[in-house]
Amino acid sequence: DAGVTQSPTHLIKTRGQHVTLRCSPISGHKSVSWYQQVLGQGPQFIFQYYEKEERGRGNFPDRFSARQFPNYSSELNVNALLLGDSALYLCASRRTSGNADSYEQYFGPGTRLTVT
Amino acid sequence: SQQGEEDPQALSIQEGENATMNCSYKTSINNLQWYRQNSGRGLVHLILIRSNEREKHSGRLRVTLDTSKKSSSLLITASRAADTASYFCATHYTGANSKLTFGKGITLSVRP
């Protein structure tokens, strides 16, 4: 089975612009989460979507938004980009079956966003 | 803020030696997970330990959890050069849905 896929791999944007990042979860996984990882830090939680509804939101400004589609793929949108938004954006999917082991998350390779 | 804190921040060992990494956290958890990251790319899940478990093994990995001290350790035995990577502990607390809270990570270098 294919793992979590993300596109694009790399992206360079200018301050003030808008960006859309895309994620396809593992087949059968209905939960998708987004994380931001700044260089030298651990990933920070941005959003979780399950069954197309937002189920969790981290401490990020309203410039960050996301959605999940009927096929469980997801988009992360960031408006009015700032230099500080430069980071690796990771998408993770999770099988949701009520079994504690399903809390294991499968991460995609990430999208490296550089804001100049 | 990041709940988990790993130590040491960096670890350099010789191939064949054991590597021990520690993680401390602040609040009650549902489970604790360890992930590996190579060269700033995606994270790979290594092992999950539930709050009611004290020790778990997976291949060359051994993880322990002490909920009274709010700490965990990851032991990699007989390390290999391919184990060179960054390692993160991530905590999942009850009611957090999928949210994982990561530490800053440990950089492990295994010298051939």
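Look up a bit, the structure's there.
Residue numbers here run from 1 along each chain, matching the order of that chain's written sequence. Chains carry letters from A onward and ligands carry numbers from 1 onward, assigned in written order. Only residues with pLDDT of 70 or above have their local features reported here, since the model is predicted, and side-chain atom pairs are shown and tallied only from 80 upward, although totals for entire chains, interfaces and linings are computed over all residues. To obtain the side-chain values, all non-hydrogen atoms of the structure were included, while hydrogens and water were left out.

1. Regarding the packing of aromatic side chains
Working step 1: Here is the rule: rings of Phe, Tyr and Trp (six-membered ring for Trp) pair when centre to centre is within 6.5 Å. Planes less than 30 degrees apart are stacked, more than 60 are edge-to-face, and the remainder are tilted. Inspection of every chain in the model, using the stated rule, returns nine aromatic pairs over all chains.
Working step 2: Relative to tyrosine 49 of chain A, the ring of phenylalanine 47 of chain A has its centre 6.1 Å away and its plane inclined at 55 degrees; by these criteria the two rings are tilted.
Working step 3: Throughout, exposure labels follow a simple rule: accessible area from a 1.4 Å probe, protein chains only, divided by the maximum for the residue type, with under 20% read as buried, over 50% as exposed, and the rest as partly exposed. The class of phenylalanine 47 of chain A is buried, set by a relative accessible area of 1%.
Working step 4: Their ring planes at 80 degrees and their centres at 6.3 Å tell us that phenylalanine 88 of chain B and phenylalanine 102 of chain B sit as a pair that is edge-to-face.

2. Quick notes on the sheet that holds strand S7 (residues 61–66) of chain B
Residues and elements named next belong to chain B.
Working step 1: With respect to topology, five strands assemble into an open sheet ordered S1-S3-S8-S7-S6, the strand pairing being antiparallel. The two strands at the open ends of the sheet, each matched to only one other strand, are strand S1 (5–7) and strand S6 (55–58). Neighbour-to-neighbour, the strand axes of the sheet open up by a mean angle of 15 degrees, direction not taken into account.
Working step 2: Two elements, S6 and S7, share four bridges in a ladder whose sense is antiparallel. The residue bridging glutamate 55 from the neighbouring strand is threonine 64, located in S7. Strand pairing requires that DSSP identify at least two bridges connecting the strands. In this text, helices come from DSSP runs of H or I with a minimum length of four residues, and strands from runs of E with a minimum of two, each type numbered from the N-terminal end. The angle between two axes is taken between their N-to-C directions and runs from 0 to 180 degrees, where each axis is a line fitted to C-alpha atoms and a helix contributes only its stretch in contact.

3. Some remarks on the interface of chain B and chain A
Working step 1: A contact between two residues is defined here by any heavy atoms of the two lying within 4.5 Å. Of the residues lining the interface, 23 residues belong to chain B; the matching set on chain A comes to 28 residues.
Working step 2: In total, about 2,000 Å² of surface goes out of reach between chain B and chain A, with carbon and sulfur atoms giving 48% of it.
Working step 3: Take a side-chain nitrogen of Lys or Arg and a carboxyl oxygen of Asp or Glu: if they are within 4 Å of each other, that pair is a salt bridge. If you look at where chain B meets chain A, you find zero salt bridges.
Working step 4: Any pair of nitrogen or oxygen atoms within 3.5 Å is treated as a polar contact; in protein, a donor-acceptor pairing is required on top of that, and neighbouring residues in sequence qualify only through side-chain atoms on both sides. Run the count over chain B and chain A and you get four residue pairs in polar contact (both at pLDDT 80 or more).
Working step 5: When residues of the side of chain B that touches chain A are traced back to their parent elements, those giving at least two are strand S4 (31–37), strand S5 (43–50) and strand S9 (85–92) of chain B.
Working step 6: Tallied by class, the residues present in the side of chain B that touches chain A amount to six nonpolar, 12 polar and five charged. Accessible surface is computed with a 1.4 Å probe, and the buried area is the amount of it that two parts give up when combined, taken over both parts together. Each residue receives one of three labels: charged for Asp, Glu, Lys and Arg, nonpolar for Ala, Val, Leu, Ile, Met, Phe, Trp, Tyr, Cys and Pro, and polar for the others, Gly being one of them.

4. So, the side chain of histidine 29 of chain A
All names here are of chain A.
Working step 1: Of note, histidine 29 is situated in the loop between strand S3 (19–24) and strand S4 (31–37).
Working step 2: Relative accessible area serves as the criterion here: at 8%, histidine 29 is assigned to the buried category.
Working step 3: In this structure the side chain of histidine 29 is engaged in a polar contact, spanning 2.8 Å, whose partner is the side chain of serine 93.

5. Details of the environment of glutamine 33 of chain B
Working step 1: Within the element layout of this structure, glutamine 33 of chain B appears in strand S4.
Working step 2: Using a relative accessible area of 0% as the deciding quantity, one classes glutamine 33 of chain B as buried.
Working step 3: Along the chain, glutamine 33 of chain B and leucine 100 of chain B lie 67 residues apart, while their C-alpha atoms are 8.8 Å from each other.
Working step 4: Those residues in contact with glutamine 33 of chain B that sit more than four places away from it in its chain are Tyr103, Glu104 and Gln105 of chain A together with His45, Ile47, Leu48, Phe88, Cys89, Ala90 and Leu100 of chain B.

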